[in-house]
Amino acid sequence: MTDYIKEVKGFQLIDSRGNPTVGCFAITDGGYKGFAIVPSGASTGVHEAVELRDNDKTCFLGKSVNMAVDNINTEINDVLKKEKFFCINEIDRRLIELDGTENKCRLGANAVLAVSLSCAKALSNSAKQPLYRFIGGENATSVPVPMMNILNGGAHANNNIDIQEFMIVPHGIETFKRQMQAGCEIYHSLGKILKDKGLSCGVGDEGGFAPNLQSDEAALECICEAISVSGYDTKQVGIALDVASSEWVKDGKYVMKKSGKTLDAAGLCDYYERLIGKYPIISIEDGVGEDDFDGWKILTERMSDKIRLVGDDLFVTNTKRLKQGIERKIANSILIKLNQIGTLSETLDVMQLAVANRYENIVSHRSGESEDSFIADLAVGTNAPFIKSGAPARSDRVAKYNRLLIIESEL
Ligand code: PGA
Ligand code: ZN
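Source: prediction; values computed, not measured.

### Some remarks on the coordination of the zinc ion (ligand 2)
For the zinc ion (ligand 2), the full set of protein donor atoms is D242 (OD), E285 (OE) and D312 (OD), and the range of their distances to it is 2.1 to 2.3 Å. Sequence spacing of the donors to the zinc ion (ligand 2): D-x42-E-x26-D. With D242 in strand β6 (residues 238-242) and D312 in the loop between β11 (308-311) and α9 (319-328), the pair connects residues that are 70 residues apart, well separated along the chain. We classify D242 as buried; its relative accessible area is 2%. In this structure D312 comes out as buried when scored by relative accessible area, which is 4%.

### A few points about the packing of aromatic side chains
For the structure shown, the criterion picks out 7 aromatic pairs. Grouped by ring-pair contacts, the aromatic residues F11, F25 and F35 constitute a single cluster. The side chain of K261 reaches across the aromatic face of Y271, ending 4.2 Å from its centre. Seen from the ring of F293, R328 lies directly overhead, with NZ or CZ sitting 4.1 Å from the centre.

### Topic: the pairing of β6
Where burial is concerned, most of β6 is hidden: 5 out of the 5 residues are buried. Neither face of β6 is left uncovered, since the one carrying G238, A240 and D242 and the one carrying I239 and L241 both have all their residues buried. One ladder, built from 5 bridges, connects strand β5 (residues 165-169) with β6; its direction is antiparallel. Pairing of M167 across the sheet is with A240, part of β6. Note: β6 against strand β10 (residues 281-285), 4 bridges, orientation parallel. Bridging across to β10, A240 finds its partner in S283.

### What to know about the packing of helix α1 (residues 66-82) against helix α2 (residues 88-99)
In a packed pair of helices, the relevant descriptors are the angle between the two axes and the axis-to-axis distance. Packing of α1 against α2 leaves a shortest axis separation of 11 Å and a crossing angle of 135°. On the basis of their axis angle, the class for α1 and α2 is oblique. Here α1 and α2 pass one another in a crossing that is right-handed. Across from E75, I76, V79 and L80 in α1, the residues of α2 making contact are I91, R94, L95 and L98. Residue classes in the contact of α1 with α2 are distributed as 6 nonpolar, no polar and 2 charged.

### Some details on the site of ligand 1
With respect to spatial proximity, 14 residues lie near ligand 1, and among them A42, S43, R366, S367 and K388 are the closest. The side chain of E285 places a nitrogen or oxygen atom 3.2 Å from an oxygen atom of ligand 1. Contact distances for ligand 1 include 2.9 Å between an oxygen atom and a side-chain N or O atom of K388. Taking 270 Å² as the accessible area of ligand 1 by itself, protein coverage stands at 99%.

### A look at the pattern of salt bridges
Here the structure, examined in full by the defined rule, presents 24 salt bridges. A salt bridge links K104 to E346; the nearest nitrogen and oxygen atoms lie 2.9 Å apart. With K104 in the loop between α2 and α3 (109-126) and E346 in helix α11 (residues 344-356), this pair connects stretches of sequence that are 242 residues apart. Each of the two residues, K104 as well as E346, counts as buried. Among the ionic pairs, D270 bridges to R302, the shortest N-O distance being 2.5 Å. Placement of the pair is D270 in helix α7 (residues 265-278) and R302 in helix α8 (residues 293-303), with a sequence separation of 32 residues. Residue classification places R302 among the partly exposed positions, given a relative accessible area of 25%. One network of salt bridges, in which partners are shared, links E165, D242, E285 and K388.

### Notes on the packing of helix α12 (residues 374-381) against helix α13 (residues 395-410)
Running from N to C, α12 and α13 point in directions that differ by 45°, and their axes come no closer than 8 Å. Taken together, the axes of α12 and α13 lie oblique to each other. Classified by chirality, the crossing of α13 by α12 is right-handed. Residues I375, A376, D377 and V380 of α12 lie in contact with α13, whose contacting residues are K400, R403, L404 and I407. Broken down by class, the residue content of the contact of α12 with α13 amounts to 5 nonpolar, no polar and 3 charged.

### Describing the sheet that holds strand β14 (residues 386-388)
Strand order in the closed barrel formed by 8 strands is β4-β5-β6-β10-β11-β12-β13-β14, with mixed pairing between adjacent strands. Adjacent strand axes in the sheet meet at a mean angle of 30°, parallel and antiparallel pairs treated alike. Relative to β5, strand β4 (residues 145-152) runs antiparallel, the two sharing 4 bridges. Pairing of M148 across the sheet is with I168, part of β5. Where helix α6 (residues 216-229) meets the sheet, it contacts β4, β5, β6 and β10, and its direction lies at approximately 25° from that of β5. Relative to strand β12 (residues 333-336), α11 is tilted by about 165°, and along the sheet it contacts β12 and β13 (360-364).

### Details of the side chain of K400
As for its placement among the helices and strands, K400 is situated in helix α13. With relative accessibility at 0%, the residue K400 sits in the buried group. Leave out the neighbours within four places in its chain, and K400 touches E369, S370, D372, S373, I375, A376 and S389.

What counts and what doesn't
- Residues numbered from 1 in each chain as written.
- Chains lettered and ligands numbered in written order.
- Predicted model: local features only at pLDDT ≥ 70, side-chain atom pairs only at ≥ 80, totals over all residues.
- Heavy atoms only, no water.
- Donors = N, O, S within 2.8 Å, 3.2 Å for Na, K, Ca; no water.
- Helix = DSSP H or I, 4+ residues; strand = E, 2+ residues; numbered from the N terminus.
- Buried < 20%, exposed > 50% of the residue type's maximum accessible area, 1.4 Å probe, protein only.
- Phe/Tyr/Trp six-rings, centres within 6.5 Å; stacked < 30°, edge-to-face > 60°.
- Lys NZ or Arg CZ within 6 Å of the ring centre and 35° of its normal.
- Pairing = 2+ DSSP bridges.
- Axes fitted to C-alpha atoms, helices over the stretch in contact; angles between N-to-C directions.
- Parallel < 35°, antiparallel > 145°, perpendicular 65-115°, else oblique.
- Left-handed = near helix turned anticlockwise from the far one by under 90°.
- Contact = heavy atoms within 4.5 Å.
- Nonpolar A, V, L, I, M, F, W, Y, C, P; charged D, E, K, R; others polar.
- Near = heavy atom within 4 Å.
- Polar contact = N/O pair within 3.5 Å; in protein donor to acceptor, adjacent residues only side chain to side chain.
- Areas by Shrake-Rupley, 256 points an atom, 1.4 Å probe, with all protein chains shown as cover.
- Salt bridge = Lys/Arg side-chain N within 4 Å of Asp/Glu carboxyl O.

Okay, here's the thing in structure tokens:
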């Protein structure tokens with residue numbers, strides 16, 4: 001490659017929740033441009049890279065990101081301008097070195113990631129390659145199955161459901177196009193079922209409904225009904241749960257506030273086994289807490305031959321954390337969120353490590369998103385088997401699904 005990054009320019013933009021976030025333009029010497037907007041989590045893991053916010057209570061309730069944007073426009077731009085970078089790995093390595101901290105808290109993971117992703121896009125445009133090809137080369141051949149969040153509980157909803165996310169997964173349907181059709185039809189059927197019960201069809205941050213149902217099981221019943229009335233069976237469409245149990249941890253136990261249950265890790269496993277026995281659940285994310293390695297061991301030993309056990313807060317897209325997990329033989333899948341680690345290269349490293357150790361990669365959005373569809377190309381570029389991008393509704397969520405519909409037609 002002969003083209004290099006000439007300049008980067010940061011912006012404070014607004015995310016899908018109405019909070020400030022970082023955007024960045026990168027321009028190559030040959031005039032090719034790349035633009036990226038970074039996402040933001042709400043139920044973030046404690047081991048994630050740090051998002052830099054101004055904490056000025058008079059500005060966006062403390063959430064403005066002017067310092068992160070300034071870091072792009074001064075320090076980072078100065079370095080990129082002075083030293084010529086032709087490749088994304090070198091840019092990312094230099095950004096990590098420039099930041100100098102373990103968790104990117106000096107420059108801000110939001111600043112660093114915006115630069116990393118916009119530079120990757122600029123270089124892929126310069127190479128006249130679609131982004132997924134730039135990321136994965138000729139090996140990038142498969143489109144992921146969507147995990148669509150259609151119903152919410154936990155910290156994401158004011159109802160009696162303890163589990164945070166209920167996703168439908170059309171894994172038994174052939175093409176992405178047909179999978180999306182199924183997802184949309186089931187989403188609308190679920191809306192009608194809830195309306196007929198006199199329940200709210202208001203939605204949460206990720207576009208899933210947040211009705212005032214009485215329990216986790218009531219939610220699962222409604223979803224199964226929606227799958228069936230839409231004309232699909234549970235071999236075609238399964239269910240994935242993000243229980244987000246780190247949110248339940250209190251004094252070494254799991255307190256499920258809404259149902260009033262207090263359980264230990266073994267008790268949680270009993271609960272999950274009961275649900276799996278009754279419903280077509282194919283995956284459970286963060287089934288126990290982010291630092292409960294003993295609990296993860298119990299969960300994995302009891303359930304890893306039956307379903308996917310996904311580490312989100314557990315692994316935080318971090319090679320060191322995943323290595324620990326591999327050594328301890330815990331979980332069998334990893335959630336991939338670019339902003340948990342802060343650069344494209346480090347994300348690709350952890351995904352490679354996962355594949356080498358037979359963990360499945362599930363590429364994911366955050367609850368705070370934008371129109372940026374980078375994760376769609378990331379999923380295809382790495383042949384990830386699944387992508388999690390919220391409901392099949394709302395532009396911040398469907399931007400990724402729409403990009404995948406287009407990529408599928410190209411492949
Ligand atoms: P977050 O939620 O983006 O708020 O962390 C999504 C998840 O937990 O997977
Ligand atoms: Zn999660």
